[in-house]
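# Observations on the model geometry
The residues making up each chain are set out below.
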Amino acid sequence: MFSWKWLGLAPIAVSIAGCGNTSPTVSASDPCHHHQATYPTVDYNLTTFQVAGVGLYHLSVPQSYVSGNGPMAQLVDMPEGAVWMTPPGFWGVHEKPLTGWNVWLTPWHAGGGSLWKDARLIKHLPQKNATFSILGDTGPDAVFEETAHGIAVLFIVNTQSGTVHTIANPITGSALVEDGFLAYQSHQSLVVATLPGETLSTVPLPSQASGQSMTIVSHGIAVGPTVVPFSAIPTMPSLSLPTGYRWLTGITGRDPIVAIPDNWIASTDNPGGSSYLMTAKDPTKPAVEITVQVNRCTGCWEPNGSIGMMDSPDTPVAGPYRQVNWINDHITFAQSQKNGMVTGGETLVWPNGGMGNISISWTIPQNDTALAQVFQSSIMAAWRSTSAGFGNAR
């Protein structure tokens, strides 16, 4: 779900490794890696940052970064792996500060490991005064925003080809990256790119829509109250439910999450804080149930017991698990069967960029395919709906 700008790839491995290695692949087991144990004095006190919700990947950085004085990094969790950007001065795997901004791709490993291990350098950007932020990702594309000298432009990183492209139109207002589309305001125009491939369309933006937030709707993009038609956008799912079902809503009572049968009994465990658990059961079959866990920051990077140093968008964070399928850019699905029952589950993040995600799992009879279909279709409709303010759930 994102846009970024990048310059041409430069042969910077020597400056990263400091040992003459020109390969764009960095490995923690590299023979020229500086091992602390070789010396009687420990020059660097390293700590480990973990991805909350995954726990299988880590990135070692100097302990001084915990104070908040170190440079920030961004990370995008995608089906191909972790796409991440390091700023100038960020310490590399060889415990030396890296020059310029660098974009990396670390393929997912079933057993977990460090982000540095097998990290592939995609692009080096020598800018020192630019700032970068994540817009989103869709399919194999991650989209970043670069701001320099007061002008913001977009980079698109394709994780399959390892290429980076820049869109020339500057971004001057709101934007969205979702389900194969990038849309953003550029002065008084709406720029829409169909991804991958970056097929661009530019249309005048009505004055009343300037600066308004964007949402994908059926056959168009809503910019505030104004819908700009785009035939390439398909029909969006409807919030209307089949007879005999009702919405299971968030604890605010207004945010639809998933449809459940009318006779199911729902309960909520809200111990306080920012997360909570909801359960709905079939009163005639206690083993048949659905649970909804709202997690308020599971896509965030944070060091152990201190302030966050990695800035990550909300994602399903499902990369290391091979049996997980991606339904769309923000929703993953997994399923297993045993003793005539099927256990399914989806992990999703709200399309409006709220912090955290929602994990929904259910156990139902294997032959009840109609109920499974209602679960999945209603989850998608609720996630899509502009009225389903998942990001406002407390």
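Rules used throughout
- Residues numbered from 1 in each chain as written.
- Predicted model: local features only at pLDDT ≥ 70, side-chain atom pairs only at ≥ 80, totals over all residues.
- Heavy atoms only, no water.
- Core = buried A, V, L, I, M, F, W, Y, C linked by side-chain atoms within 4.5 Å.
- Buried < 20%, exposed > 50% of the residue type's maximum accessible area, 1.4 Å probe, protein only.
- Helix = DSSP H or I, 4+ residues; strand = E, 2+ residues; numbered from the N terminus.
- Contact = heavy atoms within 4.5 Å.
- Expected span 1.5 Å × (residues − 1).
- Pairing = 2+ DSSP bridges.
- Axes fitted to C-alpha atoms, helices over the stretch in contact; angles between N-to-C directions.
- Phe/Tyr/Trp six-rings, centres within 6.5 Å; stacked < 30°, edge-to-face > 60°.
- pLDDT = per-residue confidence, 0-100.

## So, the nonpolar core
Core analysis: the biggest nonpolar cluster contains 26 residues, and I290, V292, I360 and F375 have the highest contact counts within it. Within the residue set of this core, elements represented by two or more residues are β21 (256–261), β23 (276–282), β24 (285–295), β28 (331–338), β29 (341–348), β30 (357–365) and α2 (369–384). Of the residues forming this core, the biggest block, six residues, is contributed by α2. Aside from chain neighbours lying at most four places away, what touches V292 is L248, I257, V258, Y276, L277, M278, I358, S359 and I360. With 18 residues, the next largest nonpolar core counts V76, V83, A130 and A142 among its residues.

## Comments concerning α2
Look at α2: 23 Å from first C-alpha to last across 16 residues, which is about the 22 Å you get at 1.5 Å a residue. Every buried residue belonging to α2 is among L371, A372, V374, F375, S378, I379, M380, A381, A382, W383 and R384, and all of these are buried.

## Thoughts on the pairing of strand β17 (residues 214–217)
The alternating pattern of β17 places M214 and I216 on a buried face, while none of T215 and V217, on the opposite face, is buried. Remark: two residues form the turn of the hairpin made by β17 and strand β18 (residues 220–223), two consecutive strands paired antiparallel; H219 in that turn has positive phi of roughly 60 degrees.

## Considering the sheet that holds strand β13 (residues 175–178)
On the basis of which strands lie adjacent, the open sheet formed by four strands has the order β13-β14-β15-β16 and antiparallel pairing. Of all the strands in the sheet, the pair left with one neighbour each is β13 and β16 (199–204). Taken over all neighbouring pairs, the strand axes of this sheet differ in orientation by 15 degrees on average, direction set aside. In terms of strand pairing, strand β14 (residues 181–186) meets strand β15 (residues 189–194) through six bridges, oriented antiparallel. For A183, the partnering residue across the bridge sits in β15 and is V192.

## Quick notes on the sheet that holds β23
The strand order across the open sheet built from seven strands is β22-β23-β24-β30-β29-β28-β27, with neighbouring strands paired in antiparallel fashion. Edge positions in the sheet fall to β22 (265–269) and β27 (325–328), since each of these pairs with one other strand and no more. With strand direction ignored, the average angle separating the axes of adjacent strands in the sheet is 20 degrees. One ladder, built from seven bridges, connects β24 with β30; its direction is antiparallel. Counted as the bridge partner of V294 is I358 from β30. This element, α2, spans β24, β27, β28, β29 and β30 of the sheet and lies at about 165 degrees to β30.

## What to know about the packing of aromatic side chains
Taken as a whole and assessed by the stated rule, the structure comprises six aromatic pairs. Taken together, a centroid distance of 5.9 Å and an interplanar angle of 25 degrees make the contact between W84 and W104 stacked. One end of the pair, W84, is in strand β5 (residues 81–86); the other, W104, is in strand β6 (residues 101–107), and 20 residues separate them in sequence. Comparing W84 with W104 shows no difference in burial state: the two are buried. Among the aromatic residues, those joined into a ring-pair cluster are W264, F333, W362 and F375.

## Re the confidence of the model for the protein
The predicted model of the protein has a mean per-residue pLDDT of 74, with 68% of residues at 70 or higher. Low pLDDT, under 50, characterises residues 1–43; the predicted model gives this stretch 131 contacts beyond four residues in sequence or across chains.

## Regarding unusual backbone geometry
In most cases, non-glycine residues show a negative phi, while peptide bonds are predominantly trans. Cis peptide bonds are those with omega within 30 degrees of zero, and the linkage from L195 to P196 qualifies with -10 degrees. With respect to the helices, strands and loops of the structure, P196 is situated in the loop between β15 and β16. One non-glycine residue with positive phi stands out, namely H149, at about 55 degrees. Mapped onto the elements of the fold, H149 is located in the loop between β10 (141–148) and β11 (151–158). A relative accessible area of 79% means that H149 is categorised as exposed. Although it is not a glycine, H187 sits at a positive phi angle of roughly 55 degrees. Inspection of the secondary structure puts H187 in the loop between β14 and β15.

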